[in-house]
Amino acid sequence: MLINRITLLGHKDHGKSTLIGNLLIQTGTASEQRINDAKKTSQKLGRQFEPGFILDSFEEEREGGLTIDTTRVQINYKNIGFEFIDVPGHEELIKNMMSGASYAKFAILLVSAKSDEGIRPQTKRHLFLAKMMGINRIIIAVNKMDYANYHREVFDSIKSDIEDFLQKIGFDRKQAYFIPISAYTADNLVKMSKKMPWYKGSTLMEAMKDAVETEGKETDGKLRIVVQGTLPTGKKILTTGKVISGTIKSGAKVSIVPAKMNVIAKEIFVKGKKQKLAKQGENVALSFDKVPDGSLRGSVIYGSGSAAKPTKRVDSLIFFTKNVVKPITIKINGNEIACDEAKIKDVIDTGTGNKMNAGYDRTLNAANVELRLSKEVVAEPFDTSAELGRFVVYEGREFVGLGIVKGA
Amino acid sequence: MIQQDLKELEERSIYIIREATTKFDNVAALWSMGKDSTTMIALARKAFLGKVPFPVIHIDNGVDFPETYKFRQELAKKWKLNLIVAESEIKPEMSGFACCGENKTVALKKVMKDHGFDALIVSIRRDEHGIRAKERYMSPRDKEFKWDFKNQPAEIWDDYSSKLDAKGHVRIHPLLDWNEVDIWGYIKKEKIPINPLYYSRNGLRYRSLGCTHCTVPIKSKAKTIDDIIKELVVTKVEERSGREQDKEKIYVMEKLRALGYM
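Residues numbered from 1 in each chain as written. Chains lettered and ligands numbered in written order. Predicted model: local features only at pLDDT ≥ 70, side-chain atom pairs only at ≥ 80, totals over all residues.

Chemist: Explain the overall build of chain B here, please?
Modeler: Along its length, chain B carries 7 helices and 10 strands. Per-residue burial over chain B gives 54% buried out of 262 residues. For chain B, the share of sequence-separated contacts (at least 6 apart) that also reach a separation of at least 24 residues comes to 76%. (Helix = DSSP H or I, 4+ residues; strand = E, 2+ residues; numbered from the N terminus. Buried ≥ 20, exposed ≤ 12 C-beta atoms within 10 Å, placed from the backbone. Contact = placed C-beta atoms within 7 Å.)

Written out as structure tokens, the structure reads:
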């Protein structure tokens, strides 16, 4: 069964872990032992039963009532495999949120309908990040409708505010589903709630099913192999890598950049066996007619008619976790490359979607940055080649953000 | 339990195993002779065209099952494994937390230090336990083997950024995405040799294998891999329900892992 990965998004305490916990219970997925363990802990802490404890397994998470780190659980719903990625909603834990969300193709954003909660900066920030990381379909679940007496006005007001924000950041509104729910009381999760007759849409799980089933499939394109390294065993020197798009046949003339080598792929090994052909998604070991000089890690192999161009200049959009002032290093396709220059053109306040000037505080905001790299790398626009168009950003040893390539 | 696409799982594991040997100088793997670490070695054989390029470590407390020792000997020979047996002393009064936490961890620390390993491949899976589900694919441990679970490194897209701390090491988890039933699906597909204790005898089988002191079998009629897969697809019982160490306290796995347990 193929697994569809969905990340949860939203401000802290808006119910991400509770929602997944209750989905596990409502769909009959959670084991009795995990439910009992969550019940026992809730009792011990003198609280109402908290379904979120099925996921929040650390003592510190349960006692503090927060998710510290990301986790994943799977649900089989009508023969579709879903993997829900829970993430922390606290802004200081955003690197853990990004670690989880980066593996997802879909998202559920939770917004609390409780009067003192509502849309928070983190609500919109997570939406911005999701869009940036390539999540094109999203369910906006307006949660805690029980606290809002199931009133339609509360739902409508949140919906219209989020819709405005989606438009501002260029997210296709037709790819967003809006559902009023209560994660704790299970309204509109798996069964339609009788308490909101004004809502004519589908349940959360049905919406997920629809989102997954109507998603377009990716197609094989031009050949791109990202080189991982060399095999440490064997008499021959084999170059390892992952086919990220296209196919390669043994005997094919290919080029390796930035080294600008033209070679013939003599043998192709896939999963330990010699093959005539390797396809997208496969890890290969290749022998060439010439032995490459030095390490090729991070190089890109392409075929005739679809050249990949190495460059030192990259136009990018970077989300920063702090207001970085020191030189940065980017990690892209296994390369670690220092930036000689990172020129900020402007900053986008991710809590509002507004464009600010270059001097605006970059902490938890995104910036359009012109990068000048200390060595050549193959970078392609994220919109056309996700795997060659994304990178993570470090300041010394500290993780400070992630970026996507706008142009190179 | 969901049966996932084995090809996708296999590719990801091969990528991670190769990444481990690319990023680190001195890699070793833990081999308990259980289904998971044996599957991991089968994957490493694929990644490296038949030859496993790193040593495999058995933390041996001397009280594993006879079948396990026999299996170790036979497979190490057949697959030409570089086997390191790290002996850990077991005292009669020890069990559960004390045994797995102290005993095995002390032996592991010693063998890691003696050989200077900087990375250790461990075949844990996310679906085994709520705490294991919080792990990264590559996870640093400090020189005391402690897991700083409150401050794990970012692991975004396929960038496993773990950097080594002085005298510490990095745990590599190539099987993190696999479910228990996937392991069995793969064992069947690849005809991977497996410890006979997993199959039902007299109505009982071991679902998770530890040592003779702390592991109890479950009721099961599953005598073949197909039976086991059928059993797992519908089960609502946790895999490690036969492990004493997990039952003592709610957070015992968190404590064990923080202290350096596998």
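Chemist: Please clarify how the sheet that holds strand β3 (residues 80-86) of chain A should be interpreted in this entry.
Modeler: One key point about sheets: their strands pair by backbone hydrogen bonds, in either a parallel or an antiparallel sense. All names here are of chain A. What the 6 strands build is an open sheet, ordered β2-β3-β1-β4-β5-β6; its pairing is mixed. Pairing within the sheet leaves two strands with one partner each, and these edge strands are β2 (71-77) and β6 (176-180). Neighbour to neighbour, the strand axes of the sheet diverge by 25 degrees on average, direction disregarded. In terms of strand pairing, strand β5 (residues 137-143) meets β6 through 5 bridges, oriented parallel. (Pairing = 2+ DSSP bridges. Axes fitted to C-alpha atoms, helices over the stretch in contact; angles between N-to-C directions.)

Chemist: I tried to follow the confidence of the model for chain B on my own but got confused; where do I start?
Modeler: For residues with low pLDDT, the predicted coordinates do not support detailed interpretation. On average, chain B scores 87 in pLDDT, and the residues at 70 or more come to 88%. For this predicted complex, the interface score ipTM comes out at 0.92, alongside a pTM of 0.92. (pLDDT = per-residue confidence, 0-100.)

Chemist: For this particular structure, what's the right way to read the pairing of strand β4 (residues 106-112) of chain A?
Modeler: On a regular strand, one side chain projects to one face of the sheet and the next to the other, so that they alternate. Residue and element names in this part refer to chain A. β4 sits mainly inside the fold: 7 of its 7 residues count as buried. Side-chain alternation along β4 places F106, I108, L110 and S112 on one buried face and A107, L109 and V111 on a second face that is also buried. Pairing of β4 with β5, which is carried by 7 bridges, proceeds in the parallel orientation. From the neighbouring strand, S112 faces β5, where its bridge partner is N143.

Chemist: I tried to follow helix α5 (residues 121-132) of chain A on my own but got confused; where do I start?
Modeler: Helical geometry: 3.6 residues make up each α-helical turn, so side chains three or four residues apart lie on a common side. Residue and element names in this part refer to chain A. Taking 1.5 Å per residue, 12 residues should reach 16 Å; α5 reaches 16 Å between its end C-alpha atoms and fits that length. Those residues of α5 that fall on the buried side of the exposure criterion are Q122, T123, K124, R125, H126, L127, F128, L129, A130 and M132. Within two residues after α5, G134 carries a phi angle of roughly 95 degrees, on the positive side. (Expected span 1.5 Å × (residues − 1).)

Chemist: In this structure, what is going on with helix α2 (residues 35-47) of chain B? I would like to understand it.
Modeler: Given a rise of 1.5 Å per residue, 13 residues ought to cover 18 Å, and the 18 Å separating the end C-alpha atoms of α2 of chain B matches this to within 8%. Looking at α2 of chain B, one finds that the buried residues are K35, D36, S37, T38, T39, M40, I41, A42, L43, A44 and A47 of chain B.

Chemist: Teacher, can you tell me more about the packing of helix α5 (residues 180-190) of chain B against helix α6 (residues 225-234) of chain B here?
Modeler: All names here are of chain B. Interhelical geometry of α5 versus α6 gives an angle of 160 degrees and a closest axis separation of 9 Å. Relative to α6, α5 is oriented roughly antiparallel. Seen from above, α5 lies across α6 with left-handed handedness. Between α5, through E180, V181, W184, G185, I187 and K188, and α6, the contact on the second element is made entirely by I225, I228, I229, L232 and V233. Residues that form the contact of α5 with α6 fall into these classes: 8 nonpolar, 1 polar and 2 charged. (Parallel < 35°, antiparallel > 145°, perpendicular 65-115°, else oblique. Left-handed = near helix turned anticlockwise from the far one by under 90°. Nonpolar A, V, L, I, M, F, W, Y, C, P; charged D, E, K, R; others polar.)

Chemist: In this structure, what is going on with the interface of chain B and chain A? I would like to understand it.
Modeler: Listed by partner, the interface residues are 42 residues for chain B and 48 residues for chain A. Among the secondary structure elements, those contributing two or more residues to the side of chain B that touches chain A are α1 (6-23), α2 and β6 (155-156) of chain B. Sort the elements by how many residues they give to the side of chain B that touches chain A and α1 of chain B lands first, with 8 residues. The residue inventory of the side of chain B that touches chain A, partitioned by class, reads 16 nonpolar, 9 polar and 17 charged.

Chemist: How should the domain arrangement of chain A be read in this particular structure?
Modeler: One frequently used descriptor of interface size is the decrease in accessible area upon assembly of the parts. Residue and element names in this part refer to chain A. Partitioning chain A into structural domains gives domain 1 (3-213), domain 2 (224-303) and domain 3 (310-407). Just the C-alpha atoms count here: the centres of domain 2 and domain 3 sit 29 Å apart. A per-element tally of the side of domain 2 that touches domain 3 places strand β7 (residues 224-230) first, with 3 residues. Per-class residue counts for the side of domain 2 that touches domain 3 are 5 nonpolar, 2 polar and 2 charged. (Domains from an automatic or database assignment.)

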